[in-house]
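Working through the structure, step by step
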Amino acid sequence: MDITVIGTGNIGSELARALARAGHTLTLANSRGPESLRELADELHARAAATIADAVAHADVIVLSVPFGVIPTLAGDLRQAPASTVIVDMSNHYPLGGYVAEGLEDTTAQSTWISTQIGRPVIKAWNTVFSLTLATKGQAQGHPDRIALPVAGDDPAAKKVVMQLVEDTGFDAVDAGPLSESWRMEPGSPAYCTDLDAATLRAALARADRARLAGDRDEEIRRVYTPGTGIDMVNGVQIYREVTA
């Protein structure tokens, strides 16, 4: 499958590596241009696109691995992708980061807002893992320690494609319902960065409490993030489990 990954930070790079290991054909793109992508592209035998418009022109799947606030600026390019292209949103909105999403209300799932902004349907996936998890915890199907990841979206065919890609990257895919229910996998939910197996993940999605999301999200960041050091991904999973218990 021809997959374009837009954004090659820590998590985008690790996702690209996982997809490459599964045998998919990759195109990489970012805001800094192809020279900044050369080393990763060579490692993965991927194409470094000259522009984002070029990267999306023939993609079967586009994965958006850029900050939440950047995605609306990609709307023009994303609308040029073929109508059949599946677009995956793996972003998360953190108000403490300083970006204010106009029109994103407490009752609107973040990816529903993203879909409206870019004028294309999206599938929500891979937003609930640390880059360290993507890099080190993928397992073969049937492995007793295999982690599950939720996938939400409205188009059954597109969701099926993305769920298979999640499986390809070493994780069990769990159907998290329509896009409007994807708030259940947002930061502050019991499903977010807690590295659960499939049965436990389904239970976590079911018990998500919208009234707790913002408070738990901010408490998680307070406990795992240190300015100048970043996120403690080694202890983060356990911390997130404790906060959302």
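For the rest of this paragraph, the subject is the packing of aromatic side chains. If you walk through the whole model with that rule in mind, you get three aromatic pairs. On the basis of an interplanar angle of 20° and a centroid distance of 5.2 Å, the ring pair of Phe-68 and Trp-113 is categorised as stacked. Of the two residues, Phe-68 is situated in the loop between strand 4 (61-64) and helix 4 (75-78) and Trp-113 in helix 5 (residues 110-118); the sequence distance between them amounts to 45 residues. You can call Phe-68 buried: its relative accessible area is 3%. You can call Trp-113 buried: its relative accessible area is 6%. Their ring planes at 20° and their centres at 5.9 Å tell us that Tyr-192 and Tyr-240 sit as a pair that is stacked. You can see Tyr-192 sitting in the loop between strand 8 (172-175) and helix 8 (198-207) and its partner Tyr-240 sitting in helix 10 (residues 233-243), a full 48 residues away along the chain. Taking relative accessible area as the criterion, Tyr-192 reaches 6% and is therefore assigned buried.

Right, let's talk about the sheet that holds strand 3 (residues 47-48) for a bit. A sheet is described by the order of its strands in space; here six strands give the open sequence 3-2-1-4-5-6, paired in parallel fashion. Looking at the sheet topology across the chains shown, the edges are occupied by strand 3 and strand 6 (123-124).

What counts, and where the lines are drawn
- Residues numbered from 1 in each chain as written.
- Predicted model: local features only at pLDDT ≥ 70, side-chain atom pairs only at ≥ 80, totals over all residues.
- Heavy atoms only, no water.
- Phe/Tyr/Trp six-rings, centres within 6.5 Å; stacked < 30°, edge-to-face > 60°.
- Helix = DSSP H or I, 4+ residues; strand = E, 2+ residues; numbered from the N terminus.
- Buried < 20%, exposed > 50% of the residue type's maximum accessible area, 1.4 Å probe, protein only.
- Pairing = 2+ DSSP bridges.

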